[in-house]
Amino acid sequence: MDQTVSTYANQKRVIMLLIDSLMYPPLEKAVKEGAAPAFQFFMENGKVFPNIVSPFPTMSVTVDSSLLTGTYADIHKIPGLVWFHEEEKRLINYGSHIRELIKLGLIRSLKDVIYHLNNHHLSKEIKTIHEEMSLQGKATASINALVYRGNTEHDLQLPRLLTFFPSWNKESKTNGSRLFTYGSFSRISPFKRNGHFWQKFGFNDRFSAQELKYLIETNSLPSFTIVYFPDMDKTVHKNGPMDIKGISKVDKQLQNILDCYDSWEEALKDHYWIIMGDNGQAPVGSDRNKALIDLRKSLRSYQIMALKDGVKDSDEVVLGVNERMAFIYTLNPERAPLPDIAQTLQKDDRIDVIAWMEKESIHVISGVRQGKLMFQPDGDLVDEYGQSWDLVGDAGVLNLTVKNHQIFYDEYPDALARLHSSLTSHRGNYLVASAKPGFEFIGEGSPTHVGGASHGGLHKQDSLVPMIVTGTDSSPKHLRIIDLKDWILTLID
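Residues numbered from 1 in each chain as written. Predicted model: local features only at pLDDT ≥ 70, side-chain atom pairs only at ≥ 80, totals over all residues. Heavy atoms only, no water.

Draft legend 1. How the structure looks around the overall build of the protein. Across its full length, the protein carries 19 helices and 24 strands. For 493 residues, the compact-globule formula gives about 23 Å, and the C-alpha radius of gyration of the protein, at 22 Å, lands near that figure. Its C-alpha atoms put the protein at 75 × 60 × 45 Å along the principal axes. For the protein, buried positions account for 60% of its 493 residues. Sequence-distant contacts in the protein: of pairs separated by 6 or more residues, those separated by 24 or more amount to 69%. Total accessible area on the protein is roughly 20,100 Å²; 49% of this is exposed by carbon and sulfur atoms. Both charge centroids of the protein, one from 54 positive and one from 61 negative side chains, sit 5 Å from each other. (Helix = DSSP H or I, 4+ residues; strand = E, 2+ residues; numbered from the N terminus. Rg over C-alpha atoms; globule rule 2.2 N^0.38 Å. Buried < 20%, exposed > 50% of the residue type's maximum accessible area, 1.4 Å probe, protein only. Contact = heavy atoms within 4.5 Å. Areas by Shrake-Rupley, 256 points an atom, 1.4 Å probe, with all protein chains shown as cover. Lys, Arg positive; Asp, Glu negative; His and termini not counted. Charge placed at Lys NZ, Arg CZ, Asp CG, Glu CD.)

Draft legend 2. Fine view of the packing of aromatic side chains. Per the stated rule, a full pass over the model turns up 16 aromatic pairs. Look at F41 and W264: their rings are 5.4 Å apart centre to centre, the planes differ by 65°, and that puts the pair in the edge-to-face class. Separated by 223 residues along the polypeptide, F41 in helix α3 (residues 37–44) and W264 in helix α13 (residues 264–269) bring together distant segments of the chain. Judged by its relative accessible area of 21%, W264 is partly exposed. Ring geometry for Y182 versus F185: centroids 5.9 Å apart, planes at 65°, classification edge-to-face. For the pair Y182 and F185, one class covers both residues: buried. Every member of this aromatic cluster is reached through a ring pair, and the members are Y148, F180, Y182, F185 and F203. (Phe/Tyr/Trp six-rings, centres within 6.5 Å; stacked < 30°, edge-to-face > 60°.)

Draft legend 3. Structural view of the confidence of the model for the protein. Per-chain confidence: the protein averages 93 in pLDDT, with 95% of residues scoring 70 or above. Note that pLDDT drops below 50 for residues 1–9; the model gives that stretch five contacts with residues more than four away or on any other chain. (pLDDT = per-residue confidence, 0-100.)

Draft legend 4. Spotlight on the sheet that holds strand β2 (residues 47–53). Strand order across the open sheet formed by seven strands is β2-β24-β10-β1-β9-β5-β8, with mixed pairing between neighbours. The open sheet has two free edges, formed respectively by β2 and β8 (179–181), since each of these has just one partner strand. Averaged over all adjacent pairs, the angle separating strand axes in this sheet is 15°, with direction ignored. (Pairing = 2+ DSSP bridges. Axes fitted to C-alpha atoms, helices over the stretch in contact; angles between N-to-C directions.)

Draft legend 5. Inspection of the nonpolar core at higher detail. Membership of the largest hydrophobic core comes to 86 residues, with the highest contact counts inside it found for V364, L398, L419 and I488. Of all the elements, helix α19 (residues 484–492) adds the most residues to this core, at six residues. Within the second largest apolar cluster, 39 residues are counted, among which are L22, V31, L212 and L215. (Core = buried A, V, L, I, M, F, W, Y, C linked by side-chain atoms within 4.5 Å.)

Draft legend 6. A look at the packing of helix α11 (residues 232–239) against helix α12 (residues 245–258). Relative orientation of the contacting elements α11 and α12 amounts to 165°, with a least axis distance of 9 Å. The angle between the axes of α11 and α12 places the two elements in the roughly antiparallel class. Crossing geometry of α11 relative to α12 is assigned as right-handed. Residues M232, T235 and N239 of α11 lie in contact with α12, whose contacting residues are K245, G246, I247 and V250. Class assignment of the residues belonging to the contact of α11 with α12 gives a composition of three nonpolar, three polar and one charged. (Parallel < 35°, antiparallel > 145°, perpendicular 65-115°, else oblique. Left-handed = near helix turned anticlockwise from the far one by under 90°. Nonpolar A, V, L, I, M, F, W, Y, C, P; charged D, E, K, R; others polar.)

Draft legend 7. Spatial organisation of helix α16 (residues 338–346). What α16 keeps buried is the set L338, I341, A342 and L345. Each buried residue of α16 sits inside an arc of 100° when the element is viewed along its axis, so together they form one side. In the core, the buried residues of α16 are packed alongside α15 (295–298), β13 (317–322), β14 (325–330), β15 (351–358), β16 (361–365) and β21 (430–435). (Arc of directions from axis to C-beta.)

Draft legend 8. Spotlight on α11. Of the positions making up α11, those classed as buried are M232, D233, T235, V236 and H237. Looking at the residues trailing α11, positive phi occurs at G240, about 100°.

Draft legend 9. Just unusual backbone geometry, in detail. A cis amide bond links F56 to the next residue, P57, at an omega of -5°. Within the secondary structure, P57 is located in the loop between β2 and α4 (60–69). Even without being a glycine, S21 presents a positive backbone phi close to 65°. For S21, a relative accessible area of 1% translates into the label buried. Despite not being glycine, N399 shows a phi value in the positive range, around 60°. By the element assignment, N399 lies in the loop between β18 (388–393) and β19 (401–403).

Draft legend 10. Structural detail: the pattern of salt bridges. Per the stated rule, a full pass over the model turns up 19 salt bridges. A salt bridge links R427 to E86; its shortest N-O distance comes to 3.8 Å. Separated by 341 residues along the polypeptide, R427 in the loop between α17 (415–423) and β21 and E86 in the loop between β3 (82–85) and β4 (90–93) bring together distant segments of the chain. For K485, the salt bridge goes to E132, with nearest N and O atoms at 2.8 Å. (Salt bridge = Lys/Arg side-chain N within 4 Å of Asp/Glu carboxyl O.)

So this is what it looks like as structure tokens:
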């Protein structure tokens with residue numbers, strides 16, 4: 001046997017299953033009730049980390065970008081699902097709701113998510129795990145992940161409908177991992193099942209599982225494979241954070257994958273399995289009038305950009321609504337200064353964090369807590385992640401405890417770094433607002449989740465996700481999504 005093949009065969013591969021909106025309390029409940037045998041199997045044969053900190057805003061594209069690059073948005077430059085591109089003077093929307101996409105221009109929005117997200121918006125200054133491993137001569141696979149940039153050029157098979165738009169032609173190629181599945185636009189397996197337009201063009205759990213099974217059954221698993229399972233997000237949005245129906249459905253796909261092996265135990269032998277959520281979700285109250293924070297009403301004294309018109313000369317404010325978080329941009333700092341907008345929002349006790357930048361310093365106020373906090377990096381206080389900060393004012397605004405030159409987080413995990421990264425993630429004059437659990441923001445065409453759950457916010461309910469790891473006793477330097485990339489690279493080496 002060729003020496004290189006035999007050593008490759010002896011190497012353990014990493015299989016990472018990223019499950020949208022997987023949270024620890026409902027997972028624990030599902031396992032206790034016997035509704036999740038595959039999860040139970042992995043948990044009993046591995047280590048469970050119930051609280052890994054997600055980036056802010058807690059939206060999938062930002063999370064995926066942080067996971068792949070090992071950085072927050074100040075470095076990777078994907079600020080959220082919805083954000084305002086200052087140079088292009090337009091709102092970018094990677095898929096909040098079809099209503100908003102149609103108003104912004106459907107083809108343009110589809111291009112943003114299918115093409116520009118990976119090929120233009122994600123910073124070229126930082127390498128993804130796929131790019132780094134490719135440079136080391138190792139292959140990787142990405143199955144249905146929204147962020148996938150790698151060093152291999154792939155053709156995107158556009159649905160026939162999109163090929164009628166001539167502007168697509170040059171954008172039907174993309175750079176991804178060596179093995180690359182992106183719904184029915186690009187697939188590894190020869191199977192057509194589960195990939196039709198009524199099945200979201202393959203962006204569903206069955207399709208994700210089918211592609212992974214193909215790699216396992218044809219003995220084609222590379223050193224690192226990431227597989228994204230999107231379906232549970234919708235179930236939790238509808239039924240609330242403690243829903244276990246979604247967990248039980250994903251579990252069936254995990255059982256399918258484990259059944260590829262002679263025994264489930266066999267699946268553990270040559271692989272490290274990492275199974276985790278991307279963001280949590282906080283409940284949204286069932287009284288529509290209370291639960292939804294309509295920013296158009298709150299800021300009605302300003303001229304707000306209409307989605308279908310784009311920026312007009314008279315516009316003063318742009319809303320970038322990310323469910324329980326919002327970017328609020330001022331286009332006219334004289335007529336609509338950020339401190340004034342912040343004070344208007346502070347009158348609403350459903351908004352618990354409002355932050356903006358002045359010179360080098362970040363200012364934080366709250367509709368829930370008294371006082372004001374100002375902070376900046378590189379001070380004489382150190383937090384639990386070894387980051388140093390300078391704080392002035394009321395630490396209680398962010399529920400921080402400061403003791404013996406140390407900062408401890410509670411309700412808002414890694415709050416200082418996450419706020420700082422968000423406020424330096426892209427150009428523009430803006431503030432960020434985060435809603436209290438029970439509430440979510442709406443703008444012109446935003447999705448709503450009354451009586452269900454939602455995410456995006458800074459609160460720990462949105463921010464903490466579980467991770468199950470088999471095959472190693474090692475763990476990341478810190479329990480944050482941005483610390484996983486370096487740790488995964490050590491597993492592969």
